[in-house]
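The lines below spell out each chain.
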Amino acid sequence: MIPASAKDGVSEKMTAQHNGQENLLVLLQEAQDKFGHIPEELISELSKSLDVSTSDVYGVATFYSFLSTKPQGRNVIRVCKSIPCFLRNCQPIIETIEKEIGIRPGETTSDGRFSFQLTNCIGACDKAPAMMVNDDVHVDLTPEKTSQILKAYE
Amino acid sequence: MPEKRIVLRNCGVIDPERITTYLDKDGFKALEKARDTMSQQQIIEEIKESGLRGRGGAGFPCGLKWELASGAPGNEKYVICNADEGEIGTFKDKYILQNDPFTLIEAMAIAGRTIGAEKGYIYLRAEYRFLLDSLKSAIDQAKETGYVRDFDIEIRQGAGAYVCGEESALMDSIEGKRGEVRYRPPFPPSSGLWGKPTIINNVETLMNIPQIILNGAAWFNQLGTERSKGTKVFSVSGDVKKPGTYELVLGSPLKELVEELALAEEVKMVQIGGATGRIVPYQMIDTPLAFENILGAGAVVVFHESRDIIDIVYRTMEFLAEESCGKCTPCREGTEVMLEILRRFACGEGSEKDMGLLEELSSAMMLASMCGLGQAAPIPVMDSLHHFRDAYESRIKKTKWS
């Protein structure tokens, strides 16, 4: 749910030493954490308050893979698809998740519990296959272990 | 050559949550020595003399970088630690940050003292956010104990972009922008973060600094080869029995790392340096790991004989096309076109002409791309064409005319 003023709760304590843009990415990251995505209202509000053009705010909001302008599930699953995880059979893990939560990569469950994405190297190659759920890193995955892990995320 | 722990000397030895355990291991002695007994020029000379080169992949001489920033005019300067370890198959900086954040903080403070910077940033990749609290706590402890003073360290988090490991894109990201690379020159030591003189070093490069200050350049530069001094930390993964982080004296043969330490068998090839790294066939397994030969940031992915080279190169290019920042045409379009051609080979629909096209595209991208991503993106394609040409030839579509 987007609050009336999307900016509520996104810190205003920051002072820009150099220019308004300096704080843009940090504020977008805060919004992503708080709302699960970056609401459109916030883009125009940030544009005004930081004195950065709307297109520049939108440009930053859409550049980074951990920021999203579309609503995401409460929990975001990111399964690593890079070569070390591929060599260690990440495909059955991806299929297990598809079966467990009934969506494909790039989608969000209708109850808003999970978003599912494939991602590039998360730096857990020595314990591949690996995935992130929100900020948690899960390693040495098997299909059974993966199903168990998902149960813990409401 | 043996394993030797300089960078990883405290990993698994100290408690990364408690600074007292670091102090027991000569913690902050190098900073005190640098601050109390050495001039800025003396520190620079020591680092230059040590032969330390950047561990992030490019191998730029660290002492020279510091000297340039130190000599650059202006009072506002910055130290940046690049902890945006995004190269495929690399996890050594994560291991370092997890196990010994204090050495890194000490090194950054020495860097600040050397170039006259009061502010440092650690740019931490989004995927390593779980390290954020312990890193913050380490910084706080270093301040509370009074060892780090007159130097402020702030952590900035990435938001998921491989290209932000590239120094100019990283600085744009700290400035709150899209992580797009900059035209150079000017280089960061003269015009970096917010246009101010800046040094930007990889985590591992910085980890060497306190030991060099304490033990001297001569102690450090006796290790390694003529142009590669000291040790290197490698991240080994893929088709091996013992994946993990290994620190070896530079110049050690690839064979030692892959077969003796990581216990790989029936190796077809090794990819060294990640997605834009070199592909080394098994025949070259005795190659010494050094800047003179092959090194990169130390990602070592091992492939078993049964692996399909075209599949691997295709997946590598898919990654690069996805992560290209899009600012320059040779990289943005070149990676996509290469991907399309590789897709044809993967489906057995390649042609003789496609092989020529890959070669032509490669040279254009290497020449005209703005940063390392586009310049090095053709490397896996060229290396595989060179060493495994028959794999491409076997995927050329047979028509009734051929």
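On a predicted model such as this, the values are computed, not experimentally measured, just so you know. Sequence order as written defines residue numbering, which begins from 1 separately in each chain. All chains are assigned letters beginning at A, and all ligands numbers beginning at 1, according to the order in which they are written. Per-residue local features are limited, in this predicted model, to residues with pLDDT of at least 70; the limit for side-chain atom pairs, both in listing and counting, is 80 or more; totals at the level of whole chains, interfaces and linings are taken over all residues.

Student: What's the story with the overall build of chain B in this structure? I'm lost.
Tutor: By definition, any uninterrupted DSSP run of H or I lasting at least four residues is a helix, any uninterrupted run of E lasting at least two residues is a strand, and each is numbered from the N terminus. Each helix and strand in chain B was counted, giving 17 helices and 9 strands. Our radius of gyration looks at C-alpha atoms and nothing else; its globule reference is 2.2 Å times the residue count to the power 0.38. Relative to its length of 402 residues, chain B is compact, with a C-alpha radius of gyration of 22 Å against a globular reference of 21 Å. Overall, the C-alpha framework of chain B stretches about 80 × 45 × 40 Å when taken along its three principal axes. Residues are called buried when their C-beta atom has 20 or more other C-beta atoms within 10 Å, exposed when it has 12 or fewer, and partly exposed otherwise; all C-beta atoms are positioned from the backbone. Taken across its 402 residues, chain B has 56% of its residues classed as buried.

Student: Could you clarify how one ought to interpret the sheet that holds strand β4 (residues 136–138) of chain A in this entry?
Tutor: Sheet strands pair by backbone hydrogen bonding; their relative direction is either parallel or antiparallel. Residues and elements named next belong to chain A. Any two strands with at least two DSSP bridges between them are considered paired. The 4 strands lie next to each other as β2-β1-β3-β4, forming an open sheet whose pairing is mixed. The open sheet is flanked by β2 (114–119) and β4, the only strands paired with a single partner. Put simply, the sheet's adjacent strands are angled 20° from each other on average, direction ignored. Note on contacts: residues are paired as contacts if their backbone-placed C-beta atoms lie within 7 Å. Between the N-to-C directions of two axes lies an angle of 0 to 180 degrees, each axis being a line fitted to C-alpha atoms and, for a helix, fitted only over the stretch in contact. Contacts between helix α5 (residues 91–101) and the sheet are confined to β1 (75–80), β2 and β3 (131–133), with β1 contributing the most and set at about 155° to the helix.

Student: Where do I start with the nonpolar core in this structure?
Tutor: Here is a general trend for soluble globular proteins: nonpolar side chains tend to be buried in one another's company. All names here are of chain B. When buried Ala, Val, Leu, Ile, Met, Phe, Trp, Tyr and Cys residues are joined through C-beta atoms within 7 Å, the set is termed a nonpolar core. In this structure, Ile105, Met108, Ile110, Leu257, Val270, Val300 and Val302 are the most contacted members of the largest nonpolar core, which totals 172 residues. Among the elements that line this core, the one with the most residues is helix α6 (residues 101–115), at 9 residues. Methionine 108 has contacts with Val79, Cys81, Gly120, Ile153 and Leu206, leaving out every residue within four places of it along the chain.

Student: I would appreciate a short explanation of the domain arrangement of chain B in the present structure.
Tutor: Buried accessible area, meaning the area lost when the parts come together, often serves as the stated size of an interface. All names here are of chain B. The domain boundaries here were taken from an automatic or database domain assignment. Segmentation of chain B into domains returns domain 1 (19–221), domain 2 (231–304) and domain 3 (309–393). For domain 1 versus domain 2, the distance between C-alpha centres works out to 26 Å. Of the residues lining the interface, 13 residues belong to domain 1; the matching set on domain 2 comes to 17 residues. Polar here means any residue outside two lists: the nonpolar Ala, Val, Leu, Ile, Met, Phe, Trp, Tyr, Cys and Pro, and the charged Asp, Glu, Lys and Arg; Gly therefore counts as polar. Residue composition of the side of domain 1 that touches domain 2, by class: 3 nonpolar, 5 polar and 5 charged.

Student: When you look at the interface of chain B and chain A in this model, what are you seeing that I'm missing?
Tutor: Contact with chain B, which involves 37 residues of that partner, is made by 31 residues of chain A. Take the side of chain B that touches chain A: its biggest share by element is 6 residues, from helix α12 (residues 309–323) of chain B. Counted by class, the side of chain B that touches chain A contains 13 nonpolar, 13 polar and 11 charged residues.

Student: I would appreciate a short explanation of the sheet that holds strand β3 (residues 152–157) of chain B in the present structure.
Tutor: Residue and element names in this part refer to chain B. Taken together, the 4 strands give an open sheet; going across it, the order is β3-β2-β1-β4, and neighbouring strands pair in parallel fashion. Strand pairing shows two members of the sheet lacking a second neighbour, β3 and β4 (198–202), which therefore form its edges. Averaged over all pairs of adjacent strands, the angle between strand axes in this sheet comes to 20°, irrespective of strand direction. The pairing of strand β1 (residues 78–83) with β4 spans 5 bridges and is classified as parallel. Bridge assignment links valine 79 to a residue of β4, and that residue is isoleucine 199. Sheet strands touched by helix α9 (residues 203–215): β1 and β4. Its angle to β4, the strand with the most contacts, is close to 95°.

Student: Quick question: what am I supposed to make of helix α1 (residues 24–35) of chain A here?
Tutor: Residues spaced three or four apart along an α-helix point in a common direction, a consequence of the helix completing one turn every 3.6 residues. Residue and element names in this part refer to chain A. Given a rise of 1.5 Å per residue, 12 residues ought to cover 16 Å, and the 16 Å separating the end C-alpha atoms of α1 matches this to within 8%. Among all positions in α1, only Leu24, Leu25, Leu27, Leu28, Gln29, Ala31 and Gln32 are buried. Following α1 by one or two positions, glycine 36 adopts a phi angle in the positive range, close to 80°. To estimate the expected span of a helix, count its residues, drop one, and scale the result by 1.5 Å.

Student: Help me out: how do you make sense of unusual backbone geometry in this one?
Tutor: Working note: non-glycine residues mostly have negative phi, and peptide bonds are mostly trans. A cis amide bond, omega -5°, links A:Ala128 with the succeeding residue A:Pro129. Note that A:Pro129 resides in the loop between β2 and β3. Cis rather than trans, the peptide bond between B:Arg184 and B:Pro185 has omega equal to 0°. Tracing the backbone through its elements, the reader meets B:Pro185 in the loop between α8 (167–174) and β4. The phi dihedral of A:Asn89 is positive, around 70°, even though this residue is not glycine.

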